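Fold and contact review
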Amino acid sequence: MNPKTDSQTVRVELGPRSYDIDIASDQLAACARSVERWAQARDVSARQAFIVTDANVHKPHAAAVMRSLQDAAWETHLAKVPAGETSKSLTAVAGLYDQLVDIQAGRQTLVIAVGGGVVGDLAGFVAATYTRGVPFVQVPTTLLAQVDSSVGGKVGINHAQGKNLIGAFHQPLGVFIDTSLLDTLPERDYRSGLAEVIKYGVILDEEFFAYLEQNVEGLNQRAPDVLRHVIARSCELKAQVVAADEYERTGLRAVLNYGHTFAHAYEALCGYGELTHGEAVAIGMVDAAQLAEWRGQVDGSLAQRQIALTEAVGLPTRLPEGCDLQQDDVIGRMKLDKKTVAGQLRFVLPTRLGHVEVFTDVDEADVRRVLSS
């Protein structure tokens, strides 16, 4: 893939559910061209679009998508939900169902998510369940959504007892990514997305990791050519994993959870909001690399390169000073993780840069050693 190309397309190969991810810069006003191509390929002829966004994204991003579709003679309807995780709820779903009924939406009505991961998960779940499934397009507006949640078809909402407990697999017709949407993204949110980008290099592609090391300045300046390449390669890598394990049945998709066993515990115990998801993942990946080192699976250079890159893009490698956690609490939270099997801790750990495996034989004493370091 040429990092200098103005636009790129990544194909997610899933047989009859295959789709394209179009990646460009300053092209949101022309997104209808991609939407029309995808709709025609799937015989979606109704030309009725139901755009779901949140209050933060409505202006200008969702408005630009709506104008592009209207100029292409689509009937458009806009639904706004409150920004934030609370919108991933049955209440929000019911409200969107009501609006779909009001516009007499049918099985060819196209649901378009314009927003971050919350909007994508919510709108995707509504699309998966309204009239037993309607077509769906993602227009992710955060780096985290562009490289992670918009790819792979996992949609859902939260339950009072846990995140993403209610959901489905519902692949989109396509994903439209415009790197210029990241220009106005708050600094902390942008950097948080870079944690997932680094993850792809560690778990799947040593050459990509080296590219990130060599392009720190471009990453920090949000250079469009660097971002197009980084987002495209991240999507390619996730697409390969999804194609091999679309419904999470073989365990191959588990490699995407590198660093997350630590991260989920830190997020919960520090209090949601103290750490962003990306910050927690950045710290969790460093801990996972050190755990692998102490188990003799890798030498110290892997953790050091990971720490250096993480710090270079402004992400933390240690918990903040105000987040002093007890080891027993962290271990206990890890054992509650939905990926734990019969109380046995599972960790995704590197065996070399660019390759990870799932381990179920991790000694709790080694985990505690990491937590005390």
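In case you missed it, the structure is sitting above this.
Summarised in this report is the structure supplied together with it.

About the cut-offs
- Residues numbered from 1 in each chain as written.
- Predicted model: local features only at pLDDT ≥ 70, side-chain atom pairs only at ≥ 80, totals over all residues.
- Heavy atoms only, no water.
- Pairing = 2+ DSSP bridges.
- Helix = DSSP H or I, 4+ residues; strand = E, 2+ residues; numbered from the N terminus.
- Axes fitted to C-alpha atoms, helices over the stretch in contact; angles between N-to-C directions.
- Contact = heavy atoms within 4.5 Å.
- Parallel < 35°, antiparallel > 145°, perpendicular 65-115°, else oblique.
- Left-handed = near helix turned anticlockwise from the far one by under 90°.
- Nonpolar A, V, L, I, M, F, W, Y, C, P; charged D, E, K, R; others polar.
- Disulfide = S-S within 2.5 Å.
- Buried < 20%, exposed > 50% of the residue type's maximum accessible area, 1.4 Å probe, protein only.
- Expected span 1.5 Å × (residues − 1).
- Salt bridge = Lys/Arg side-chain N within 4 Å of Asp/Glu carboxyl O.

1. Overview of the sheet that holds strand β3 (residues 48-54)
Across the sheet, which stays open at both edges, the 7 strands sit in the order β1-β2-β9-β6-β5-β3-β4 with mixed pairing between neighbours. Taken across any chain shown, the strands that pair with only one partner, and hence form the sheet edges, are β1 (8-12) and β4 (75-81). Neighbour to neighbour, the strand axes of the sheet diverge by 20° on average, direction disregarded. As judged from the 5 bridges shared by strand β5 (residues 110-115) and strand β6 (residues 136-140), these two strands associate in the parallel manner. Looking at the pairing, Gly-115 lines up with Pro-140 of β6. Running over the sheet, helix α4 (residues 117-129) touches β3, β4, β5 and β6 and is turned about 170° from β5.

2. Structural notes on the packing of helix α7 (residues 206-214) against helix α12 (residues 300-312)
As a packed pair, α7 and α12 sit with axes 10 Å apart at the nearest point and diverge in direction by 40°. As judged from the angle between their axes, α7 and α12 are oblique. Relative to α12, α7 is oriented so that their crossing is left-handed. Here Glu-206, Phe-209, Ala-210, Leu-212 and Glu-213 of α7 come into contact with α12, specifically with Arg-305, Gln-306 and Leu-309. Looking at the contact of α7 with α12 residue by residue, the classes come out as 4 nonpolar, 1 polar and 3 charged.

3. Comments concerning the state of the cysteines
Tallied over the entire structure, the rule returns 1 disulfide. Here Cys-270 pairs with Cys-323 through a disulfide, and the sulfurs are 1.7 Å apart. One quick way to see it: the torsion about the S-S bond of Cys-270 and Cys-323 is about -85°, and its sign makes the bridge left-handed. Taken together, the residues Cys-270 in helix α10 (residues 260-270) and Cys-323 in the loop between α12 and α13 (327-336) connect sequence positions 53 residues apart. Distance from the sulfur of Cys-31, which forms no disulfide, to the nearest cysteine sulfur (Cys-235) is 17 Å. You can call Cys-31 buried: its relative accessible area is 1%. Judged by its relative accessible area of 0%, Cys-235 is buried.

4. A look at helix α6 (residues 187-204)
In a regular helix each residue adds 1.5 Å, so 18 residues correspond to 26 Å; α6 covers 27 Å between its end C-alpha atoms and thus fits that length. In terms of burial, α6 is largely enclosed, as 14 of its 18 residues are buried.

5. As for the pairing of strand β2 (residues 19-24)
Looking along a regular strand, one sees the side chains alternate between the two faces of the sheet. Here β2 lies mainly inside the structure; 6 of its 6 residues are buried. Burial along β2 is two-sided: Tyr-19, Ile-21 and Ile-23 and Asp-20, Asp-22 and Ala-24, pointing in opposite directions, are all buried. Of the strand pairs in this sheet, β1 and β2 are connected by 5 bridges, and their pairing is antiparallel. Pairing of Gln-8 across the sheet is with Ile-23, part of β2. Where β1 hands over to β2, the hairpin turn is made up of 6 residues, of which Gly-15 adopts a positive phi near 60°. Bridge count for β2 against strand β9 (residues 174-178) is 5 bridges, and the pairing is parallel. When the sheet's bridge partners are listed, Ile-21 is paired in β9 with Val-175.

6. Brief notes about unusual backbone geometry
Backbone geometry at Arg-132 places phi at a positive 60°, although glycine is not the residue there. Structurally, the position occupied by Arg-132 is in the loop between α4 and β6. On the basis of relative accessibility, which here comes to 77%, the residue Arg-132 falls in the exposed class. Positive phi outside glycine occurs at Arg-222, with the angle close to 55°. Summarising the element assignment, Arg-222 is placed in the loop between α8 (216-221) and α9 (224-244).

7. A few points about the pattern of salt bridges
This structure, assessed with the given rule, holds 22 salt bridges. The residue Asp-205 makes a salt bridge to Arg-233 at a minimum N-O spacing of 2.8 Å. Placement of the pair is Asp-205 in the loop between α6 and α7 and Arg-233 in helix α9, with a sequence separation of 28 residues. Relative accessible area serves as the criterion here: at 11%, Asp-205 is assigned to the buried category.

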